Amino acid sequence: MPGADHVGQIDSVTVKWKLSVAMSSSEVKNLNAPMVTMILTTTEENGTSSSRCIEMTVAEFEDLHAKMQDVKTQMDNAKLL
């Protein structure tokens with residue numbers, strides 16, 4: 001992955017997402033499964049941008065959301081110490 005060994009100071013993160021339906025795949029002819037696609041774009045202080053596309057099922061998205069809520073709670077609690 002280009003830049004994987006470089007960690008810069010992140011200035012901003014943009015999240016774009018969409019909900020779609022996967023009609024079929026190479027393994028399943030009639031899939032009809034809802035999918036969430038997220039595009040995360042980070043911009044470093046020097047202006048360099050990097051984007052990553054993540055596709056997941058709704059269940060995986062709900063799991064990610066729950067984990068992010070846990071992280072937020074832990075960060076909020078850390079501020080109180």
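Refer to the structure presented above.
Residues numbered from 1 in each chain as written. Predicted model: local features only at pLDDT ≥ 70, side-chain atom pairs only at ≥ 80, totals over all residues. Heavy atoms only, no water.

Asker: Give me the sheet that holds strand 2 (residues 33-44): which residues, what numbers.
Answerer: Adjacent strands of a sheet pair through backbone hydrogen bonds, lying either parallel or antiparallel. Reading across from one edge, 1-2-3 is the order of the three strands in this open sheet, with antiparallel pairing throughout. Each end of this open sheet is capped by a strand with a single partner; those strands are strand 1 (10-22) and strand 3 (49-57). Ignoring strand direction, the axes of neighbouring strands in this sheet form an average angle of 15°. Here helix 1 (residues 58-79) sits on the sheet in contact with strand 1, strand 2 and strand 3, set at roughly 120° to strand 3. (Pairing = 2+ DSSP bridges. Helix = DSSP H or I, 4+ residues; strand = E, 2+ residues; numbered from the N terminus. Axes fitted to C-alpha atoms, helices over the stretch in contact; angles between N-to-C directions. Contact = heavy atoms within 4.5 Å.)

Asker: Give a description of the pattern of salt bridges that names residues and reports values.
Answerer: Within this structure, the stated rule accounts for two salt bridges. Linking Lys 67 and Asp 63 is a salt bridge whose minimum nitrogen-to-oxygen distance equals 3.2 Å. Of the two residues, Lys 67 and Asp 63 both sit in helix 1, four residues apart, roughly one turn of that helix. Using a relative accessible area of 40% as the deciding quantity, one classes Asp 63 as partly exposed. Notably, a salt bridge pairs Lys 72 with Asp 76, separated by 2.7 Å at the nearest N-O pair. In this pair, Lys 72 and Asp 76 both sit in helix 1, four residues apart, roughly one turn of the helix. (Salt bridge = Lys/Arg side-chain N within 4 Å of Asp/Glu carboxyl O. Buried < 20%, exposed > 50% of the residue type's maximum accessible area, 1.4 Å probe, protein only.)

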